[in-house]
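Inside the fold
Now for the letters of each chain:
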Amino acid sequence: MARTRAPERTLLPSDEPLSLLRKDGTPVDDSPLSMPDDDVLVELHRRMVVGRRFDTQATALTKQGRLAVYPSSRGQEACEVGSVLALRPADWLFPTYRDSVALVTRGVDPAETLTLLQGGWHLGYDPYEHRVGPQCTPLATNTLHAVGFAHAARLKGEDTAALVLLGDGATSEGDTHEALNFAGVWQAPVVFLVQNNGYAISVPMSKQNAAPSLAHKGIGYGVPSVLVDGNDVAAVYAVVREALESGGPTLIEALTYRIEAHTNADDATRYRTSDEVAAWLDRDPVDRLEAYLTARGLLDNARRAAVAAEAEEFAASVRAKLNVDVVPSPDDLFEHVYATTPRHLREQAAALREELA
């Protein structure tokens, strides 16, 4: 039986990034995108404010030795929050190590989210509870996970799509190309959201890519592509939601910027200037949406104060959970390795308990 292909969509991205809001918060009159409903915009603002406070708290906990490492996503809140809130209940998220804000936006407990970065477990949460795959530290491996999952869901007749988050550096990995190729061939319902923050650690885009944009890479795989302003949360939400509902694959490049260093172990001043950072601070995604909501009468001082208080309360809960010293059990070395623990591991576990006793 011949496979039915999804309706033809435009492969070429636009010349300029799609947007709904300019950097000063004024609306774009001729945008081809539909502005999200007011209640969605208000929730996008709330989640970005809470997410940014969570991010700064995690950075502080790393400096205090409570986390082994933390890759900040400050400046990329529009990508993380906008894309996650665009997910439908049955959809799945496949994140990377920099997407902790995306996880807490999806409802994953912040302490469970940070377990990987604390060094406790490779995966500190139940993927099936929130439909969130493991945070991938190796670049681009989650792209193949997402395509395989989305293809399997299609074969089972499920109305489920996968959203995979990746950075610009991950597009230079072979896994991404394999994933895009299979997504195009199978017409798998998977959305690739590339958060192009300008650098793969210290390597700028000019040394990674010679194409007009990363979005153009979808053409070779028959995957429709979109170029969007990654600091415009309304636009990110709109393009991701449309892509998830398309029934096929989409490659989205979101132009954004990582304000902080790659991780707490990185010195970003060695490869970029303070003027460059300042220019992107002027395009802050939270300030942009706040200006629009204020002008529309959807955000006042009382509402702004309430959201800030909620963010502080959330940060306090993160501190409380992460400041508890957890004593690991030696038995954990043998748990969750096999569905049924083989005899040799049971014997080793018994020998270790006897020695410790």
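Residues numbered from 1 in each chain as written. Predicted model: local features only at pLDDT ≥ 70, side-chain atom pairs only at ≥ 80, totals over all residues. Heavy atoms only, no water.

As annotated in an unreviewed UniProt entry, the protein carries the name Pyruvate dehydrogenase E1 component alpha subunit and comes from Saccharothrix carnea. You can read under Cofactor (unreviewed entry) in the UniProt record for the protein the words "thiamine diphosphate". (UniProt positions renumbered as here; feature names shortened; annotations may be inferred.)

1. Focus on the UniProt feature "domain: Dehydrogenase E1 component" (unreviewed entry) in the protein
Cross-referencing UniProt, the feature "domain: Dehydrogenase E1 component" (unreviewed entry) maps to residues 46-312 in the present numbering. Between the C-alpha atoms that bound residues 46-312 the distance is 12 Å, and the span itself is 45% helix and 12% strand. (Helix = DSSP H or I, 4+ residues; strand = E, 2+ residues; numbered from the N terminus.)

2. So, the pattern of salt bridges
Summed over the entire model, instances satisfying the criterion amount to 20 salt bridges. A salt bridge links Arg52 to Asp284; its shortest N-O distance comes to 2.8 Å. Of this pair, Arg52 sits in helix 1 (residues 38-63) while Asp284 sits in the loop between helix 10 (274-281) and helix 11 (285-296), and the two are 232 residues apart along the sequence. Of the residues examined, Arg52 reaches a relative accessible area of 18% and is grouped as buried. (Salt bridge = Lys/Arg side-chain N within 4 Å of Asp/Glu carboxyl O. Buried < 20%, exposed > 50% of the residue type's maximum accessible area, 1.4 Å probe, protein only.)

3. Let's talk about the packing of aromatic side chains
A full pass over the atoms with the stated rule returns eight aromatic pairs. Seen in terms of ring centroids, Trp92 and Phe149 are 4.8 Å apart; in terms of plane orientation they differ by 45°. Their pairing is tilted. With a gap of 57 residues between them, Trp92 in strand 1 (residues 92-94) and Phe149 in helix 7 (residues 141-155) connect regions that are remote in the sequence. The side chain of Arg283 reaches across the aromatic face of Trp280, ending 4.2 Å from its centre. (Phe/Tyr/Trp six-rings, centres within 6.5 Å; stacked < 30°, edge-to-face > 60°. Lys NZ or Arg CZ within 6 Å of the ring centre and 35° of its normal.)

4. Notes on the sheet that holds strand 6 (residues 225-229)
As summarised here, the arrangement of the five strands in space is 1-2-3-7-6, forming an open sheet in which the pairing is parallel. Both edges of this open sheet fall to strand 1 and strand 6, since each of them pairs with a single strand only. For this sheet, the mean angle separating the axes of adjacent strands, direction not counted, is 20°. The sheet contacts of helix 2 (residues 77-86) involve strand 1, strand 2 (162-167), strand 3 (190-196) and strand 7 (250-255), and relative to strand 3 the element is tilted by about 165°. (Pairing = 2+ DSSP bridges. Axes fitted to C-alpha atoms, helices over the stretch in contact; angles between N-to-C directions. Contact = heavy atoms within 4.5 Å.)

5. Quick look at the environment of Asp99
Residue position: Asp99 is located in the loop between strand 1 and helix 3 (100-106). As for Asp99 and Gly222, which are separated by 123 residues in sequence, their C-alpha atoms are 27 Å apart. Excluding residues that lie within four positions of it along the chain, Asp99 makes contacts with Glu80, Gln135, Leu165 and Gln195.

6. Points about empty space enclosed by the protein
If you walk through the whole model with that rule in mind, you get two cavities of 30 Å³ or more. The space that makes up the largest cavity amounts to roughly 60 Å³. Counting residues per element, the lining of the largest cavity draws most heavily on helix 8 (residues 174-186), which supplies three residues. Here the lining of the largest cavity is composed, by residue class, of five nonpolar, three polar and one charged. (1 Å grid on protein atoms, 1.4 Å probe; cavity = no way out; pocket = protein on both sides within 12 Å on 5 of 7 lines; lining within 4 Å. Points joined across faces, edges and corners; volume = space filled by probe spheres on them. Nonpolar A, V, L, I, M, F, W, Y, C, P; charged D, E, K, R; others polar.)

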